[in-house]
Amino acid sequence: PPIPYVLVADRPALEQFRSGQFLALASFFAFHQSRNLWVLTTSRDFLAFLGDDETGNAYLAAFTLLTPASVVGLPFIDAILRRYGYSGALQFVNALGMVQGIIQVASGNLNVQILGFVVYTFYRCFLFSASFSCLPEFLGPDVLGRGYGLLILAGGICSLSNLVLANVAVQRLGGNFFVPNLIYTILCLPCVFLAARLGRGLRREREEISRRSSSKEIGSP
């Protein structure tokens, strides 16, 4: 007989964190949080290489002003979650990350980079909103706090790679961020499979919940 599926929330705490759903989400978030910090911490040097110092850092000021505007993406993330679910929302994060990355590496025009700033604003909002709101979908309430902590920890560990990439860009490439930005753009592609893996896991959870509900209805007098 087939082994019955156990909902993630019904498993011991350690097994919940070892579930395919959590590992996929943690890996996804770790990469994108690292990329998010990369964009934030290198924006001044990146824009300076494109000539922003000659404008009095006007484009850096525009980027700084647009960053807190991430809140404008909240109505959009709600609509996407209702229509496409968490896996679809995470795929939007991948798409936004790739679009912003393509803008960074494809154009040295500072005016074009403003479009990248707008895309980044939505990217950042979607990343945190979709990732953090997804956890209660499968983790038990008694381990949620630890789950959020592990997501942040995973992002922090992955962000250590930024030290190496920044050193390469500044020390070896003369301030040219093309190669690191290209790497971060290409690495969005494996995250497509992580989001799809999470989607399959969530679908399996919903099927099991539906099966249990049907069994209860059949067994009720």
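The structure we're discussing is the one just above.
Everything numeric here is computed off the predicted structure, so don't read it as measured data.

### Regarding a positive patch on the surface
There is a patch of like positive charges on the surface, built from R197, R200, R203 and R206. You can see R203 is positioned in helix 9 (residues 188-219).

### Concerning the nonpolar core
Among the nonpolar cores identified, the biggest contains 52 residues, and F22, L25, L135, F138, L139 and L198 are the most heavily contacted of them. Contributions of two or more residues to this core are made by helix 2 (20-49), helix 3 (58-66), helix 4 (74-106), helix 5 (110-134), helix 6 (144-159), helix 7 (161-172) and helix 9. Counting residues per element, this core draws most heavily on helix 2, at 11 residues. When residues no more than four places from it in sequence are discounted, the contact partners of F138 are V8, A9, Q21, F22, L25, L198, L202 and E205.

### Topic: the environment of I157
Checked against the element boundaries, I157 lands in helix 6. Residue I157 is classed as exposed on the basis of its relative accessible area of 53%. The spatial distance from the C-alpha of I157 to the C-alpha of M98 is 22 Å, given a sequence separation of 59 residues.

### Remarks on the packing of aromatic side chains
Summed over all chains, the structure comprises 14 aromatic pairs. Plain terms: the ring middles of F122 and F126 are 6.5 Å apart, the flat faces sit at 75° to each other, and that makes the pair edge-to-face. Remark: F126 and F122 occur in helix 5; sequence separation between them is 4 residues, near one turn of the helix. With relative accessibility at 23%, the residue F122 sits in the partly exposed group. Residue F126 is classed as buried on the basis of its relative accessible area, which comes to 4%.

### Notes on the pattern of salt bridges
All told, the structure shown has 6 salt bridges when counted by the stated rule. For R204, the salt bridge goes to E208, with nearest N and O atoms at 3.9 Å. Remark: E208 and R204 occur in helix 9; sequence separation between them is 4 residues, near one turn of the helix. Using a relative accessible area of 32% as the deciding quantity, one classes R204 as partly exposed. Residue classification places E208 among the buried residues on the basis of a relative accessible area of 4%. Close ionic contact of R211 with E208 constitutes a salt bridge, the shortest N to O distance being 2.8 Å. Of the two residues, R211 and E208 are both situated in helix 9; the distance of 3 residues between them amounts to about one turn of the helix. One continuous salt-bridge network, built from bridges that share partners, spans D10, R204, E208, R211 and R212.

Rules used in this analysis
- Residue indices begin from 1 for each chain and proceed along its sequence in written order.
- Totals for whole chains, interfaces and linings use all residues, but because this is a predicted model, local features are given only for residues with pLDDT of at least 70 and pairs of side-chain atoms are given and counted only at 80 or more.
- Side-chain figures throughout are based on the complete set of non-hydrogen atoms in the structure, without hydrogens or water.
- Residues qualify for a patch when their relative accessible area is over 30% and they have no salt bridge, like charges being joined within 9 Å and the nonpolar side chains of Val, Leu, Ile, Met, Phe, Trp and Tyr within 5 Å.
- Accessible surface is estimated by sampling points in the Shrake-Rupley manner with a 1.4 Å probe; for residues, cover comes only from the protein chains shown.
- Should a side-chain nitrogen of Lys or Arg be within 4 Å of a carboxyl oxygen of Asp or Glu, the pair is scored as a salt bridge.
- Only four residue types enter the charge count, namely Lys and Arg as positive and Asp and Glu as negative; His and the chain termini do not.
- Where a charge lies is defined by one atom per residue type: Lys uses NZ, Arg uses CZ, Asp uses CG and Glu uses CD.
- The way it works is that DSSP assigns letters per residue, a run of H or I at least four long becomes a helix, a run of E at least two long becomes a strand, and they are numbered from the N terminus.
- Note on terminology: a nonpolar core comprises buried Ala, Val, Leu, Ile, Met, Phe, Trp, Tyr and Cys residues joined through side-chain atoms within 4.5 Å.
- Each residue is placed in one exposure class: buried if its accessible area under a 1.4 Å probe, protein chains only, is under 20% of its type's maximum, exposed if it is over 50%, and partly exposed if it falls in between.
- Whether two residues are in contact is decided by their heavy atoms, any of which lying within 4.5 Å being enough.
- The criterion for an aromatic pair is that two Phe, Tyr or Trp rings (for Trp, the six-membered ring) have centres within 6.5 Å, with stacked assigned to planes under 30 degrees apart, edge-to-face to planes over 60 apart and tilted to the rest.

In short, shape yes, function no, at least from these values alone.
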